[in-house]
Structure formats: C-alpha cells, structure tokens
Amino acid sequence: MKILVIGRGGREHAIVHSVSKSSKVKEVFVAPGNIGMRKLATLVDINETELEKLAEFAEKEKIDLTIVGPEVPLSLGVVDIFEGKGVKIFGPTKEAAKIETSKEFAKELMKKYKVPTAKYKSFNNFENSYNYVKTQSFPCVIKEDGLRAGKGVTIVYSLEEAEILLKELFEVENKVVIEDFLEGFEFSMIAMVNEDIVIPLELAQDHKRAYDDDKGPNTGGMGCYSPLNKVDKETEKEALEKVFFPMVNGMKKDGIPFKGFLFAGLMKTIEGVKVIEFNARLGDPETQVILPRLQSDFVEVILELLDKKERKLKWDERTTIGVVMAGKDYPNNRSVGAKIEIDESINSILYHMGTKIENGKLVTNGGRVLTVVSFGETLEKAQKNVYNEVNKISCKELMFRKDIGNKGV
Ligand code: AMP
Ligand code: GLY
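Residues numbered from 1 in each chain as written. Chains lettered and ligands numbered in written order. Predicted model: local features only at pLDDT ≥ 70, side-chain atom pairs only at ≥ 80, totals over all residues. Heavy atoms only, no water.

Q: So what exactly am I meant to see when it comes to the sheet that holds strand β11 (residues 197-200) here?
A: An order of β11-β10-β16-β17 is seen for the four strands of this open sheet, with the pairing classed as antiparallel. Edge positions in the sheet fall to β11 and β17 (272-279), since each of these pairs with one other strand and no more. Geometrically, the sheet is characterised by an average inter-axis angle of 35° between neighbouring strands, direction not taken into account. Across seven bridges, strand β16 (residues 259-269) lies against β17 in antiparallel orientation. Opposite T269, over in β17, you have G272 as the bridge partner. Strands β10 (185-194), β11 and β16 of the sheet are contacted by helix α11 (residues 298-306), whose axis makes an angle of about 60° with β10. (Pairing = 2+ DSSP bridges. Helix = DSSP H or I, 4+ residues; strand = E, 2+ residues; numbered from the N terminus. Axes fitted to C-alpha atoms, helices over the stretch in contact; angles between N-to-C directions. Contact = heavy atoms within 4.5 Å.)

Q: Sorry if this is basic, but what is going on with the packing of aromatic side chains here?
A: Think of a pair of aromatic rings as described by two things: how far the centres are apart, and how the planes are tilted against each other in angle. Counted according to the given criterion, the structure contains six aromatic pairs. Plain terms: the ring middles of F90 and F261 are 5.1 Å apart, the flat faces sit at 85° to each other, and that makes the pair edge-to-face. Here F261 lies in strand β16 and F90 lies in strand β5 (residues 89-90), a separation of 171 residues in the sequence. By relative accessible area, which is 2% here, F261 ends up buried. An aromatic cluster is defined as three or more aromatic residues linked by ring pairs; in this entry it consists of F90, F261 and F298. (Phe/Tyr/Trp six-rings, centres within 6.5 Å; stacked < 30°, edge-to-face > 60°. Buried < 20%, exposed > 50% of the residue type's maximum accessible area, 1.4 Å probe, protein only.)

Q: What should I look at first to understand the site of ligand 1 in this one?
A: If you check the shell around ligand 1, you find 16 residues, and the closest are E179, D180, L182, E186 and E277. Measuring from a nitrogen atom of ligand 1, one finds a backbone N or O atom of D180 at 2.8 Å. Protein chains shield 94% of the accessible area of ligand 1, which is 470 Å² for the free molecule. Sorting the residues of the shell around ligand 1 by element identifies β7 (140-144), β9 (176-180) and β17 as the ones contributing at least two each. Class assignment of the residues belonging to the shell around ligand 1 gives a composition of seven nonpolar, two polar and seven charged. (Near = heavy atom within 4 Å. Polar contact = N/O pair within 3.5 Å; in protein donor to acceptor, adjacent residues only side chain to side chain. Areas by Shrake-Rupley, 256 points an atom, 1.4 Å probe, with all protein chains shown as cover. Nonpolar A, V, L, I, M, F, W, Y, C, P; charged D, E, K, R; others polar.)

Q: What should I look at first to understand the site of ligand 2 in this one?
A: Around ligand 2 sit D206, K208, G220, F263, N279, R281, G283, D284, P285 and E286, and that is every residue in its neighbourhood. In this structure, D206 approaches ligand 2 through a side-chain N or O atom, which is 2.8 Å from a nitrogen atom. One of the backbone nitrogen or oxygen atoms of D284 is found 2.9 Å away from an oxygen atom of ligand 2. Considered on its own, ligand 2 offers 200 Å² of accessible surface; in the complex 92% of this is hidden by protein. Tallied by class, the residues present in the shell around ligand 2 amount to two nonpolar, three polar and five charged.

Q: Can you walk me through the sheet that holds strand β19 (residues 335-339) in this structure?
A: Hydrogen bonds along the backbone pair up the strands of a sheet, which may run parallel or antiparallel. One open sheet accounts for three strands, arranged β19-β23-β22; its pairing is antiparallel. Pairing within the sheet leaves two strands with one partner each, and these edge strands are β19 and β22 (355-358). The average undirected angle you get between the axes of adjacent strands in this sheet is 30°. As defined by bridge partners, β19 adjoins strand β23 (residues 361-366) across three bridges and the pair is classed as antiparallel. Counterpart to S335 in the pairing with β23 is G366.

Q: Explain the environment of K268 to me, please; I cannot follow it from the model alone.
A: With respect to the helices, strands and loops of the structure, K268 is situated in strand β16. Placed 33 residues apart in sequence, K268 and T235 show a C-alpha to C-alpha distance of 8.0 Å.

Q: Just checking my understanding: could you explain the pattern of salt bridges for this structure?
A: It is possible for side chains of opposite charge to pair when their charged atoms get near one another. Evaluation of the coordinates by the stated rule reveals 32 salt bridges. The closest approach of N and O atoms between E163 and K167, which form a salt bridge, is 3.3 Å. Within this pair, E163 and its partner K167 are both found in helix α8 (residues 159-172), separated by four residues, close to a single helical turn. The exposure class of E163 is partly exposed, given its relative accessible area of 25%. Linking K208 and E277 is a salt bridge whose minimum nitrogen-to-oxygen distance equals 3.8 Å. One end of the pair, K208, is in the loop between β12 (205-206) and β13 (209-211); the other, E277, is in strand β17, and 69 residues separate them in sequence. Under the relative-accessibility criterion, E277 is labelled partly exposed at 21%. Overlapping salt bridges bring together K24, E300, E304 and R311 as one network. (Salt bridge = Lys/Arg side-chain N within 4 Å of Asp/Glu carboxyl O.)

Take a look at the structure:
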C-alpha cells in the first residue's frame, strides 16, 4: 500500500514512523514533511494548505490512505476535497472539525449533549466582557476564539489583570471567551472515531507551560508521557461514557458525523472528568509518546475502522516519555539556523519538529525543534533515560523542561 501523511512536525514524524512499521505498507509519502523523516518516507513538496494539489497527488500516485496531522488542512476542508474525488482519507470534514476550530460550536454541542465542561460565555466587545468578569470569581480563564495552537489562553488572578488583558485583546480580536477555572489533574485522551465507533488510544499527559514547575506562557506542549498511572481505568471509562460517546453520537444525530482522531483535553476534577477542549486531530507531542507504544498495526486499524470494524488495540506496557527541545524564545519567536549537534551514542527515538539542513548541517527551523522519546520499565526509569539522551544533543539556541513526567511520579 501507499500511504500519504499530511504535515511537517513531530506528530507527523511519529505518524510516519508508525505507518512505516505496518506490514501492509510499501511506500510512505509525506507532504511536506521534514528532514528527519527522509529515511522513512518520500518528502513531497506540497504544503499542508494546498488542498487541490494534495488531492491531485493522491489521485495520481494511487495513494491507498491519507492521514492528516495538523488542524489547518482539516479546517480548510481537506477531507471534503479528497472524499469529493473518491480518495480515501482519515480525518473529519470541515464541518466536523469545527469541534476544534470554533470554541462556540464545541461548547454548544457539549451543552446540548450534557458533556461536562467549564461554564463559559463569549463576548464581542470590551464593555460586556468586563461587566461579566466583574461578577466572576478568580482565577478565571480568558481565551481568544479560533485556532491558536494552545497559545491563546490566559489564566487571570484578579479583576485588574482581566481588565488589562480584555482591553488588549479587543484591540485585535473580535471574539473572546471567558471560562470558569477548572482545578485538577489534566490529561489528554484521544480516540480513533468513525461515526459511533470509538477506539480509545492510551492516555498521555502534556506539559503546556514553557518552563519548569508550570511557569511561563502556554505553548503547544513541551513534553509528554504515557501511560498515566494517576488516571485509573474507572476514570477512563467515565471519559468514554460521559464525553466521547455523547459527543460522537450527538454529532452523528446532528448530521455532522465525526471521523478521524478526536482529542479531548480533560481535567479530572473533584466533580468528575470535565472537558477543557476538543481537537479534531492527534496531539503534538502526545502522538510522539503514544504511537511508539502501539503494537497493533496502525494502518490496518485505520482501514478496518473506515470499514466500520472495531478492534482492541495492543500496547507496549512500558512507559514512554518525550521531551520537547524548543527555541529559547518559544512560544514568542522561532529559532532559525542554529547548529544542532547530536552525539553518535544517542539511542532514543528522535522526532523532528522544526529542523532543516543548511550547508550540510542540521539546524533549527521552528519554535519547537525536536522531541526526544525514550522508553522505561517505569516512569522514573523512562525519565532517567530520556534526560540522559537529551544531554547528547547540543545547540546553544535550544531549551527544554527538566521536569517532564514529575506530575506522574
Ligand atoms: P486550551 O487551548 O483551551 O486547551 O487551553 C490551554 C491550556 O490552558 C489547557 O491545557 C489548560 O492547562 C489551561 N486551561 C484552559 N482552560 C482552562 C480552564 N477552564 N480551567 C483551567 N485551565 C484551563
Ligand atoms: N498537545 C496539545 C495539542 O496538540 O493540542
């Protein structure tokens, strides 16, 4: 079989890696991909947003299955275009992807199908938002609407702080959401979905803040581990019953069936599991720690699911942990052109997120640059292994968190 993966980051590198292990697969293409993937896949010079070109490529090459990594092509309707041409693709339609692209759409669905989540209200001007926030307790959460790659969220601790932020936001935004603050253990749960079939993947926990001890700005994610010994099977079951099934059944009923990876950012609160957000895709860096643990054939599972067949997944029992190495000014600025040196003795999985080759040398080319992933019999052992490996990579521009996994110990 021929597989096409759309995207260029660490998540897509992990997808390509997983797909290339499949016994069914002869050739893997990735558009546009990155330099780290070139041993596993043929890089195709088409951007994620060039939807017609992607579909034409898939048609011409007789691609058997396309897997979409990032949200942007989904939000532009890549699945609708592929399916319009009769080309097989795993992902949600533009309409179903609104579960990620519009907070309002997601929140309305949750309300309608009684899925537990934080109370929220959206506003289109400063005065109304300020009057509302005056009546709220603190901390509360202020979010920019739309796609912000996890970066448009601020937890504010006082009315003064809220006032300054709301004023700033309404200078550039026309919609802002104010939400109750949820307290608890945050984790990511992703399921492979086709209408009313839900195949859950193993859980992972992301580390969203830029610096150690959850300090600094929110990012796309600085590191992850899987599985989670702090979330028991009961909680997982609760998430399926109270979150995933009501959502997918509701979407089916509303004529917007979901197909693809459904990602729920969840909080285990004292009142039970609550939804922070949905994404219409795999997580990054969640994928980098989840897929290496998958022992079932990833491609086979997707193809069967597209035929409405469900199978139980097999997992490596060991723990994986992934540490993201990012430019020192991430999430504000990208790092470009800084030389990366990797010691030959490295024996972890290295997923490239933002790198390129310049004058024959590997250099940085993005906000998040690499994910280093190690296995361990326990979380502590995985942690020890991964930091040992991270130290084999030197680049004066890169920073990383030194406490990935601490919350699970
Ligand atoms: P989001 O982009 O909505 O996933 O938010 C990014 C991060 O902000 C989440 O992963 C949480 O850590 C935090 N966050 C968002 N909404 C809330 C909330 N209502 N309560 C507490 N933390 C939140
Ligand atoms: N790591 C969170 C996300 O992919 O949105």
